[in-house]
Amino acid sequence: MSDPIFFAAAADGLTLAEIAAAAGASLPDGADPERRFSGAASLESAGPEHLAYMDNARYGDALTATRAGVCLVSPRFAARCPATTVALVSRDPYRAYAALLGRLHPDALRPGSQFAVRGVASGAHVHPEARLEDGVTVDPGAVVGPGAEIGAGTVIGPNAVIGPGVRIGRDCAIGAGTTLSHALLGNRVIIHPGARLGQDGFGFAMGASHLKVPQVGRVIVQDDVEIGANTTIDRGASRDTVIGEGTKIDNLVQIAHNVVIGRHCVIVSGVGISGSTTLEDYVVLGGQVGVVGHLRIGRGAQIAGSSNVNRDVPPGSRWGGTPAKPVRAWFRELTTLARLAERGGKDLSGEDT
């Protein structure tokens, strides 16, 4: 259940008819289409004024006992809704719930001003040669360098630093304490607090003394990308580092120089991607995956959490382990090791070790 101090609900909430239309669901007979709902909550904490959802058999008992006024459910669970709860049947209850939650709590969709200001706040430092469209918000302590360009509707959080020549599109949100340099951002990009984009990559010509290799590329972030808190994305050395349209990156991810990430990828917390690696579209990397440099991970491939990838991954495949391999081979290895352990330390010949 949302705290009204932090996430105020939309003023009028939503009617049952609006919820059903957004979910692509039909209203049950006798349901009042004009009944209003003021917020959303979990099955366990919801009351008659709340919207909830359920699509996992693990929560069957919670569904049976819920007090929610309306619940989005997949067809197989609809009969388990209490008589006091309106069951709206949806093919994808979670996705429908997410869309409706955004309408009920629009302020939760992206970070806003931390100082409740509009325009450039007192205490912000915007260089006279920077160009800001109408409707840009800059919080106190933020620095916008010469030649930077920021599009309408964008919010720059407190103490963020926007370096010289950086370009940020429209309707973006740049979190508190973020630093952007040598970067070009598209529209509707969300960057959470403490992220670092555009610092030089880790490149040295090794020898008796290690000679720094100048990193002269950029970071290109396309439309609708979201980047988590304290994530770092190095600028390119000989080519740009690119984050493709719609890609979602969690907190505490390291993306090295010259990496190219395709469209609509998902990269979970703790991932490290070494230099010059390419991820094609729709790749998923689980938490704490490590990827060595100069590899290609094919379109739609999925890598299990805590795996280490040291060779190219074919499109559409599912890999896991260290070193990573197709999941069937990985599972066979794990099963074999477990059986050996169960044999009480006997080696393959059957003799005690």
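Residues numbered from 1 in each chain as written. Predicted model: local features only at pLDDT ≥ 70, side-chain atom pairs only at ≥ 80, totals over all residues. Heavy atoms only, no water.

Focus on the overall build of the protein chain
As a reminder, the rule being used: Labels follow the DSSP assignment, with helices taken as runs of H or I lasting at least four residues and strands as runs of E lasting at least two, numbered in each case from the N terminus. Buried residues are those whose accessible area, probed at 1.4 Å on protein chains only, stays under 20% of the maximum for their type, while exposed residues exceed 50% and partly exposed ones sit between those limits. Only heavy atoms enter the contact rule, under which two residues are in contact if any of them lie within 4.5 Å. Areas reported here follow the Shrake-Rupley algorithm with a probe of radius 1.4 Å; residue values treat only the protein chains shown as occluding.
A tally of helices and strands in the protein chain yields 4 helices and 38 strands. When the backbone C-alpha atoms are referred to their principal axes, the protein chain occupies close to 80 × 80 × 30 Å. When each of the 353 residues of the protein chain is scored for burial, the buried share is 43%. Considering only residue pairs separated by 6 or more positions, the protein chain has 20% of its internal contacts joining residues 24 or more positions apart. Approximately 17900 Å² of the protein chain is accessible, and the part contributed by carbon and sulfur atoms is 53%.

Digging into the environment of Q254
With respect to the secondary-structure elements, Q254 resides in strand β27 (residues 254-255). Given a relative accessible area of 29%, Q254 falls into the partly exposed group. Expressed as a C-alpha distance, the spacing of Q254 and A160, which sit 94 residues apart in the sequence, is 19 Å.

Comments concerning the sheet that holds strand β3 (residues 39-40)
Rules: Following DSSP output, two strands are said to pair if at least two bridges run between them. Helix axes are fitted only over the stretch in contact, all axes being lines through C-alpha atoms; the angle between N-to-C directions runs from 0 to 180 degrees.
Pairing in this open sheet of 4 strands is parallel, and the strands run β3-β4-β5-β6 from one edge to the other. Edge positions in the sheet fall to β3 and β6 (86-89), since each of these pairs with one other strand and no more. Judged from the 4 bridges that link them, strand β4 (residues 50-54) and strand β5 (residues 70-73) form a sheet pairing that is parallel. Opposite L51, over in β5, you have V70 as the bridge partner. Against the sheet, helix α1 (residues 16-23) engages β4, β5 and β6, with an angle of about 25 degrees to β6. Helix-sheet contacts for helix α3 (residues 93-104) involve β3, β4 and β5, and the interaxial angle to β4 is about 155 degrees.

Things to note about the pairing of β5
Test applied: By convention, orient the strands away from the viewer: a clockwise path from the first strand over the helix to the second makes the crossover right-handed.
Every second residue of β5 is oriented toward a common face, with V70 and L72 on one face and C71 and V73 on the other, all of them buried. In this fold, the crossover linking β4 to β5 by way of helix α2 (residues 60-65) has right-handed handedness. The pairing of β5 with β6 spans 4 bridges and is classified as parallel. Along β6, the bridge assignment pairs L72 with L88.

Remarks on a negative patch on the surface
Here is the rule: Note on patches: the residues involved have over 30% relative accessible area and no salt bridge, like charges join within 9 Å, and the nonpolar side chains Val, Leu, Ile, Met, Phe, Trp and Tyr join within 5 Å. Here, a salt bridge means any side-chain nitrogen of Lys or Arg that lies within 4 Å of a carboxyl oxygen of Asp or Glu. Charge counting treats Lys and Arg as positive and Asp and Glu as negative, with His and both chain ends excluded. Charge positions are represented by NZ for Lys, CZ for Arg, CG for Asp and CD for Glu.
A surface patch of like charges, here negative, comprises D12, E18, D32 and E34. Locating D32 in the fold gives a position in the loop between α1 and β2 (36-37).

Some details on the packing of aromatic side chains
Short version of the rule: In this analysis, rings of Phe, Tyr and Trp, with Trp reduced to its six-membered ring, are considered paired at centre separations within 6.5 Å, and the interplanar angle assigns stacked below 30 degrees, edge-to-face beyond 60, and tilted for intermediate values.
The full count for this structure, using the stated rule, is 4 aromatic pairs. Site record: aromatic cluster; members linked through ring pairs are Y53, Y94 and Y97.

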